[in-house]
Amino acid sequence: MKTDAAHCAGNVERVMEQYGDMLFQICLVMLKKTGDAEDAVQDTLLRYLQKAPNFENAEHEKAWLITVAANRCRDMKRFFVRHPQTNLEEIHAYACRPEDNGLLDTLLELPDKIRIVLVLYYVHGYQTAEIAKIIGKSASAVKMRLFKGRKLLKKQLKKEEWLYE
């Protein structure tokens, strides 16, 4: 007999209390980053809520949670390999170089729909087709946003150069 979602939601607090530290430690060892480990545990608990599994006993529940958490960590690691990310400290270091005067500030002033495309393309290395899938637009729309973004950045940076001369 499957339990309903409301009953399962009540169990999430108990599960977190009982297994949360263990799940976090497993995820931290696998992912090596606190934020990623926290995300993996949260995803595991969300899966617990969605599936509302019926367990034979406490050991079965514990084994299920560990398996789901470990699988989520493996999925995240695969994603990180396929989509390398630049560390925020590195971005900050680049922005603090004198030759990049105001680049980060200028980028932050761009409209969201253009900024996200520029960041995904130039910082995270996604191709236009991948970005199109991520943002739910066509590849030609992504190319147009890249074009507009470059144009706006160039215009804004030239404007700032003029102000500092």
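Rules used in this analysis
- Residues numbered from 1 in each chain as written.
- Predicted model: local features only at pLDDT ≥ 70, side-chain atom pairs only at ≥ 80, totals over all residues.
- Heavy atoms only, no water.
- Helix = DSSP H or I, 4+ residues; strand = E, 2+ residues; numbered from the N terminus.
- Buried < 20%, exposed > 50% of the residue type's maximum accessible area, 1.4 Å probe, protein only.
- Contact = heavy atoms within 4.5 Å.
- Patch = residues over 30% accessible without salt bridge, like charges linked within 9 Å, V, L, I, M, F, W, Y side chains within 5 Å.
- Areas by Shrake-Rupley, 256 points an atom, 1.4 Å probe, with all protein chains shown as cover.
- Salt bridge = Lys/Arg side-chain N within 4 Å of Asp/Glu carboxyl O.
- Lys, Arg positive; Asp, Glu negative; His and termini not counted.
- Charge placed at Lys NZ, Arg CZ, Asp CG, Glu CD.
- pLDDT = per-residue confidence, 0-100.
- Core = buried A, V, L, I, M, F, W, Y, C linked by side-chain atoms within 4.5 Å.
- Expected span 1.5 Å × (residues − 1).
- Phe/Tyr/Trp six-rings, centres within 6.5 Å; stacked < 30°, edge-to-face > 60°.
- Axes fitted to C-alpha atoms, helices over the stretch in contact; angles between N-to-C directions.
- Parallel < 35°, antiparallel > 145°, perpendicular 65-115°, else oblique.
- Left-handed = near helix turned anticlockwise from the far one by under 90°.
- Nonpolar A, V, L, I, M, F, W, Y, C, P; charged D, E, K, R; others polar.

Trainee: In this structure, what is going on with the environment of A40? I would like to understand it.
Mentor: Note that A40 resides in helix α2 (residues 34–51). Overall, the relative accessible area of 0% leaves A40 in the buried class. Along the sequence, A40 and F24 sit 16 residues apart, while their C-alpha atoms lie 8.1 Å from each other. Apart from the residues within four sequence positions on either side, A40 is in contact with C27, L31, R72, C73 and M76.

Trainee: Sorry if this is basic, but what is going on with a positive patch on the surface here?
Mentor: On the surface, K113, K137, K148, K151, K155 and K159 cluster together to form a positively charged patch. For K159, the location among the structural elements is in helix α8 (residues 139–164).

Trainee: How should I be thinking about the pattern of salt bridges in this particular structure?
Mentor: When the charged atoms of two side chains lie near each other, side chains of opposite charge can form a pair. For the coordinates displayed, the defined rule picks out three salt bridges. Between R72 and D43 there is a salt bridge; the shortest N-O distance is 2.6 Å. Here the residue R72 occupies a position in helix α3 (residues 58–82), and D43 occupies one in helix α2, the gap between them amounting to 29 residues. For R72, a relative accessible area of 29% gives the class partly exposed. For D43, a relative accessible area of 28% translates into the label partly exposed. Between R78 and D75 there is a salt bridge, with the nearest N and O atoms lying 2.5 Å from each other. One end of the pair, R78, and the other, D75, are both in helix α3, three residues apart, so they sit about a helical turn from each other.

Trainee: Just to check I follow, could you spell out the confidence of the model for the protein for this structure?
Mentor: Close inspection of predicted coordinates is inappropriate for parts of the model with low pLDDT. For the protein, the mean per-residue pLDDT works out to 79, and 77% of the residues sit at or above 70. By mean pLDDT, helix α4 (residues 88–95) is the weakest element of the protein at 55, and α2 is the strongest at 90.

Trainee: I tried to follow the nonpolar core on my own but got confused; where do I start?
Mentor: Inside soluble globular proteins, nonpolar side chains tend to come together where they are buried. Ranked by size, the top nonpolar core spans 16 residues in total, and within it V15, L23, C27, A40, Y48 and L65 carry the most contacts. Among the secondary structure elements, those contributing two or more residues to this core are α1 (5–31), α2 and α3. Here the element with the most residues in this core is α1; it accounts for six residues. The next biggest cluster of nonpolar side chains, apart from the first, holds twelve residues, and it includes L107, V117, A132 and L146.

Trainee: What is the right way to look at α2 in this model?
Mentor: Three or four residues apart is the spacing at which side chains of an α-helix point the same way, because the helix has 3.6 residues per turn. Its 18 residues place the ends of α2 26 Å apart at the C-alpha level, agreeing with the 26 Å of an ideal helix rising 1.5 Å per residue. A52 sits one or two positions beyond α2 and adopts a positive phi of about 45°.

Trainee: Which parts of the structure should I look at to understand the packing of aromatic side chains?
Mentor: How two aromatic rings sit relative to each other is given by the distance of their centres and the angle of their planes. Going through the model one piece at a time under the given rule, you end up with two aromatic pairs. Seen from their ring centres, F79 and F80 are 6.2 Å apart, and the 70° between their planes marks the pair as edge-to-face. Assessed through its relative accessible area of 27%, F80 is described here as partly exposed.

Trainee: I keep staring at the packing of helix α6 (residues 112–123) against helix α7 (residues 128–135) and nothing clicks. Help me out?
Mentor: For the pair α6 and α7, interaxial distance at closest approach is 10 Å and the crossing angle is 135°. The angle between the axes of α6 and α7 places the two elements in the oblique class. For the pair α6 and α7, the sense of crossing is right-handed. In contact with I116, V117, L120 and Y121 of α6, α7 contributes T128, I131, I134 and I135. Residues belonging to the contact of α6 with α7 are distributed by class as follows: seven nonpolar, one polar and no charged.

Trainee: Would you take a moment to explain the packing of α2 against α3 for this structure?
Mentor: When two helices pack together, their arrangement is captured by the angle between the axes and the distance separating the axes. Where α2 contacts α3, the axes come no closer than 9 Å and their chain directions differ by 130°. Judged by the angle between their axes, α2 and α3 are oblique. Seen from above, α2 lies across α3 with right-handed handedness. Contacts between α2 and α3 involve D36, D39, A40, D43, T44, R47, Y48 and K51 from the former and E61, W64, L65, V68, A69, R72, C73, M76 and F80 from the latter. Looking at the contact of α2 with α3 residue by residue, the classes come out as nine nonpolar, one polar and seven charged.

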